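Overview (structure and organization)
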Amino acid sequence: MEAQMKIAVHITHESVKKMGGIGAVLSGVCNLEDYKRFYDKTIFYGPLFDLPADSFPHLGTTLERLFSSHDNYDAGDYAKKFGEIIKKYNVDIVYGKRKLVSDFDTTRSTTVDVVNVGINRMNHAEVEKFKFAVWKNFGIKSNLYEKDWDYEQYLRIAIPFLEILEKLYGSDAHYFYFSHEYMGVPSVLSALMSGKKQTTVFVAHEVSPARSLVENSPGHDISFYNILRKAEGPHKDLEHIFGSLSHNARSELVKRAVKFDHIFAVGDLVKEEYQFLVPNTPPDKIKVVYNGVSAKSISFEHKQQSRAHIEKYIDSLYNFTPDVILTHVTRLVASKGIWRDISLLYFLDEIFDAQNLKGVYILLSTQIATGRPSEDIFRMEDDYGWPVLHREGWPDLIGGEKEIYEYLQLFNSRSKAIKGVFINQFGFERARCGKRVPENAEFADIRIASDAELGFSIYEPFGIAQIETIPYGGIAILSSSCGVAGFLKEKFKDAPIKPFCILDYIEAGRKMSYAALKNLTIHQRDLMEKEILSQHAKEIFDILPRTDAKREEYLLNAQKYASRISWENSAQDYVFGFNPST
């Protein structure tokens, strides 16, 4: 008897290109050798966000377009497969193949199918019929979210979802549906309503209402997680404490994931958050499935070469060679707690000065995910010394970039031993970051050369970026609010060198009353944060690799133990989590 095909279906907004953490997870998971052996096919499914003349613009060589109904492109007679669906639902379908290449090991890659669906002009009757079905079966009142296009687009792509898969792979395959966050929930609900044999997984990269509450509360993580842990009794779930979330479409979708076979929480806190939101979640349904990192083994000479690139760059900016390189590569959002980095720098600056050391803090973060044009970078560099100096307005500082620059400039005006540079650009190559970047430098140099990556997030479900320096002998300095904190403690529990330092901001509020936590002010929280940093600054300084000998020791330690945080050792549940016998 012929074996049943196994099809992995990942529903995500990052189907076409990597834009954030989910894209990093998909690249890591899908490049696993066990994953590639287990699944016969992998497909990324999502909405077609815009309809340009070329439906897959600016994607380089990583994506091969095979069919696009929007611009009448067909490289394989796919119109016969998709024609009836396009006509029935009045949608556009774009189909292709995407090559996923590991960020830090380009020898590792895989190819997946990609389908994007354009739903702007979708058949209204079909939309209403589906909305009625999800209300009848799952109690979702779509009429509450009629003006929420974010909800609408992910609901609409669910309507032709199963028919598209059947046209590509047939009806007899065993489908493994992975809903990445709320975006894939409607599509998986459509699969549940079909009644066919399948495996359904909600991948909780975060719990959306928890993120919103943490970010928007003056007490941030200190308030939220202590309130969560003090909650007891039958009416102490998130909505009883913070109010109904029925108006929040994302929350309503996330809550329906309890109907799935499995919930993968990327960190311990995410599991707690989900159970706080949905207290009746069966304990055996939700489990922590940590992410990992992709990295190749390097020699100490390679590390020194990368370090030389960064040292040369910093010398061109500030006329000194740093003894210690601190980095933070991140998205520019409130949850990353970048102000905590700068607060720490004030304390470290005093210690560095007393020890006659020089340090640099490189903040690589931008609100322009695609990056600024090279010609603009070169012009700013020539005109006024970017990135040491910035100016408000495009093509330089926009949105929250201005506030971060002002914080860092104030620090630079007062510091004696450490200087900070804000590179509000994507990547680290000369074409992207200016003529002062060494000619053969690349983004990996930032990771390899870093002595410590800072990451005091207030909300961080996992935190891949925080640990990307560890395989190269760097350390992670992070908050207890990062999901990766528990991961590091587990993986390095017997290592002679612990390549991390975790500051427990949440513990600072443990003894506070429920009322005090809910009413914690920005000023009070700021004082608490600075007290924590003051207490731990010397501890952080002591574990920094400040000499070549110490860096080589840390690298040897990493080569022995860092494989434990690789995708191969952390994400096996994507393959073996569905069959206890394996």
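Below you will find a few notes about this structure. (Residues numbered from 1 in each chain as written. Predicted model: local features only at pLDDT ≥ 70, side-chain atom pairs only at ≥ 80, totals over all residues. Heavy atoms only, no water.)

1. A word on the packing of helix α13 (residues 300-318) against helix α22 (residues 548-561)
The interhelical angle for the contact between α13 and α22, taken along N-to-C directions, is 125 degrees, at an axis separation of 10 Å. If you check the angle between α13 and α22, you find them oblique. As α13 packs across α22, the resulting crossing turns out to be right-handed. Facing F300, K303, Q304 and R307 of α13, the residues of α22 in contact are D548, R551, E552 and L555. (Axes fitted to C-alpha atoms, helices over the stretch in contact; angles between N-to-C directions. Helix = DSSP H or I, 4+ residues; strand = E, 2+ residues; numbered from the N terminus. Parallel < 35°, antiparallel > 145°, perpendicular 65-115°, else oblique. Left-handed = near helix turned anticlockwise from the far one by under 90°. Contact = heavy atoms within 4.5 Å.)

2. Notes on the packing of aromatic side chains
Scanning all chains against the criterion turns up 30 aromatic pairs. Where Y175 meets Y177, the ring centres are 5.7 Å apart and the plane angle is 10 degrees; that geometry is what we call stacked. Three or more aromatic residues link up through ring pairs in this structure, and these residues are Y35, F38, Y39, F176, F178, F264 and Y574. The ring of Y73 carries R65 above its face, with NZ or CZ at 4.3 Å from the centroid. (Phe/Tyr/Trp six-rings, centres within 6.5 Å; stacked < 30°, edge-to-face > 60°. Lys NZ or Arg CZ within 6 Å of the ring centre and 35° of its normal.)

3. Some points on the nonpolar core
By size, the foremost hydrophobic cluster in this structure holds 165 residues, and its most contacted members are F178, Y274 and I467. With seven residues, helix α14 (residues 338-354) is the single largest residue contributor to this core. With residues up to four places along the chain from it excluded, the contact list for I467 reads V293, F462, A476, V484, F487, L488 and I565. Counting 24 residues, the second-largest nonpolar core is a separate cluster that includes Y313, I325, I423 and I446. (Core = buried A, V, L, I, M, F, W, Y, C linked by side-chain atoms within 4.5 Å. Buried < 20%, exposed > 50% of the residue type's maximum accessible area, 1.4 Å probe, protein only.)

4. Some words on the sheet that holds strand β11 (residues 324-329)
What the six strands build is an open sheet, ordered β13-β12-β11-β14-β15-β16; its pairing is parallel. Single-partner strands in this sheet number two, and they are β13 (418-423) and β16 (500-503). When strand polarity is set aside, the average angle formed by the axes of neighbouring strands in this sheet is 20 degrees. Pairing analysis gives six bridges linking β11 to strand β12 (residues 359-364), with the strands arranged parallel. Among the inter-strand pairings, H328 is bridged to a residue of β12, identified as L363. Sheet contacts for helix α16 (residues 401-414): β12 and β13; angle to β13, the most-contacted strand, approximately 160 degrees. (Pairing = 2+ DSSP bridges.)

5. What about the sheet that holds strand β10 (residues 286-288)?
Ordered by their spatial adjacency, 10 strands build an open sheet running β4-β3-β5-β6-β2-β1-β7-β8-β9-β10, and the pairing between neighbours is mixed. In this open sheet, the two edge strands, each paired with only one partner strand, are β4 (73-74) and β10. Where strand β2 (residues 41-47) meets strand β6 (residues 109-118), five bridges bridge the pair, whose relative direction is parallel. Note on β6: the bridge partner recorded for G46 is N116. On top of the sheet, helix α12 (residues 268-277) reaches β8 (198-204), β9 (262-265) and β10; it is set at about 160 degrees to β10, its chief contact.

6. A few points about the side chain of D445
Take D445: it is sitting in helix α18 (residues 443-449). No salt bridge is formed by the buried D445. Its closest oppositely charged neighbour is K296, at 9.6 Å. Engagement of the side chain of D445 in a polar contact is seen with the side chain of H309, the distance being 3.1 Å. Ignoring anything within four residues of it in the chain, the contact list for D445 reads S306, H309, I310 and N440. (Lys, Arg positive; Asp, Glu negative; His and termini not counted. Salt bridge = Lys/Arg side-chain N within 4 Å of Asp/Glu carboxyl O. Polar contact = N/O pair within 3.5 Å; in protein donor to acceptor, adjacent residues only side chain to side chain.)

7. Side note on helix α4 (residues 124-138)
Here α4 contains 15 residues, and its C-alpha end-to-end distance of 21 Å stays within 8% of the 21 Å for a straight helix at 1.5 Å per residue. If you check which residues of α4 are buried, you get E126, V127, F130, K131, V134 and F138. Along the axis of α4, the buried positions cluster into a sector of 135 degrees, meaning they face one direction only. Projecting away from the buried face of α4 at angles above 90 degrees are the exposed residues H124, A125, K129 and K136. Looking at the buried positions of α4, the neighbouring elements they touch are α3 (79-89), α5 (149-156), α7 (185-194) and α11 (249-256). The residue sitting at the N-terminus of α4 and contributing the capping side-chain oxygen is N123; that oxygen lies 2.9 Å from the backbone nitrogen of A125. G139 lies just past α4 and shows a positive phi near 75 degrees. (Expected span 1.5 Å × (residues − 1). Arc of directions from axis to C-beta.)

Treat this as a map of the structure, not an account of what it does.
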